[in-house]
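Descriptive analysis of the structure
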Amino acid sequence: MARNKHPEETVNLILDVAFRLFMEKGYEYTSIQDIIDNLGGLSKGAIYHHFKSKEDILEAVTERMTAESNKMLAAIRDRTDLNGIEKLKAIFKESVSRPVQNDIFTMAPNFHSNPKLLFSLMHDTVKNAAPCFITPIIKQGISDGTIKTDYPEQLAELILFAANMWLNPMIFDDSEEESFRKIMVFCQMLQGFGLDIIDGRMQDRLRELASIYRKKK
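The following refers to the structure shown. (Residues numbered from 1 in each chain as written. Predicted model: local features only at pLDDT ≥ 70, side-chain atom pairs only at ≥ 80, totals over all residues. Heavy atoms only, no water.)

Considerations on a nonpolar patch on the surface
Judged by side-chain polarity, W166, F172 and V185 come together as a nonpolar surface patch covering roughly 270 Å² of accessible area. Mapped onto the elements of the fold, W166 is located in helix α8 (residues 152–166). Given a relative accessible area of 33%, W166 falls into the partly exposed group. (Patch = residues over 30% accessible without salt bridge, like charges linked within 9 Å, V, L, I, M, F, W, Y side chains within 5 Å. Areas by Shrake-Rupley, 256 points an atom, 1.4 Å probe, with all protein chains shown as cover. Salt bridge = Lys/Arg side-chain N within 4 Å of Asp/Glu carboxyl O. Helix = DSSP H or I, 4+ residues; strand = E, 2+ residues; numbered from the N terminus. Buried < 20%, exposed > 50% of the residue type's maximum accessible area, 1.4 Å probe, protein only.)

Examining the packing of aromatic side chains
Between two aromatic rings, the relevant description is the distance of the centres plus the angle of the planes. Taken as a whole and judged by the stated rule, the model has two aromatic pairs. Ring centres 5.2 Å apart and planes at 65° place the aromatic pair F22 and Y27 in the edge-to-face group. With a relative accessible area of 0%, F22 lands in the buried category. Ring geometry for F92 against F186: centres 6.4 Å apart, planes inclined by 40°, an arrangement best described as tilted. Of the two residues, F92 is situated in helix α5 (residues 84–97) and F186 in helix α10 (residues 176–192); the sequence distance between them amounts to 94 residues. Exposure remark for F92: the relative accessible area of 8% places this residue in the buried category. Over the ring of Y27 we find K54, and its NZ or CZ is 4.3 Å from the ring centre. Cation over ring: K182 sits above F172, and NZ or CZ is 4.3 Å from the ring centre. (Phe/Tyr/Trp six-rings, centres within 6.5 Å; stacked < 30°, edge-to-face > 60°. Lys NZ or Arg CZ within 6 Å of the ring centre and 35° of its normal.)

Here it is as structure tokens:
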């Protein structure tokens, strides 16, 4: 196969191949050479022209996977028929229910050996996801009386940091039982803030995602 003359097509090809290999072999067991071998003639230079490392490829794959989901979350944030706490519950339900989460937990990297990826997740949680999706909802809840806090930005960060980091079995390598206990404490924490937003189905879904990760690992 001749080198693709269109950069966007080349990037998409690399991401398509990487996604397939990450799903089949797992991120840790997929090398840059594996990706090259499945590009149909593209060179190593074609990869490094667009991506500095395998970690950068994973970030791009994940961003592409979650782009449509983020549009959906933004749509919930912007709905006019729900109050603040209803939006918060809806956004958590959609976040854990979306099928793309299965793929993310299946191809999950080992964050212990990838501090760059861990920092990227932490930074995105605090600097992007919290202010974009959660803080506006909490502020609406304060206005309509369904959420009570004097610190909406900090509460948004705490909720997402706990959900994306502390509950994440990819980071702490939790067993299914450990994941279950953390989920229960997370629910209790939210209830302490007056946010009874995680129902039994969402708890079961969180346990299912942890199980998917454990089986792939």
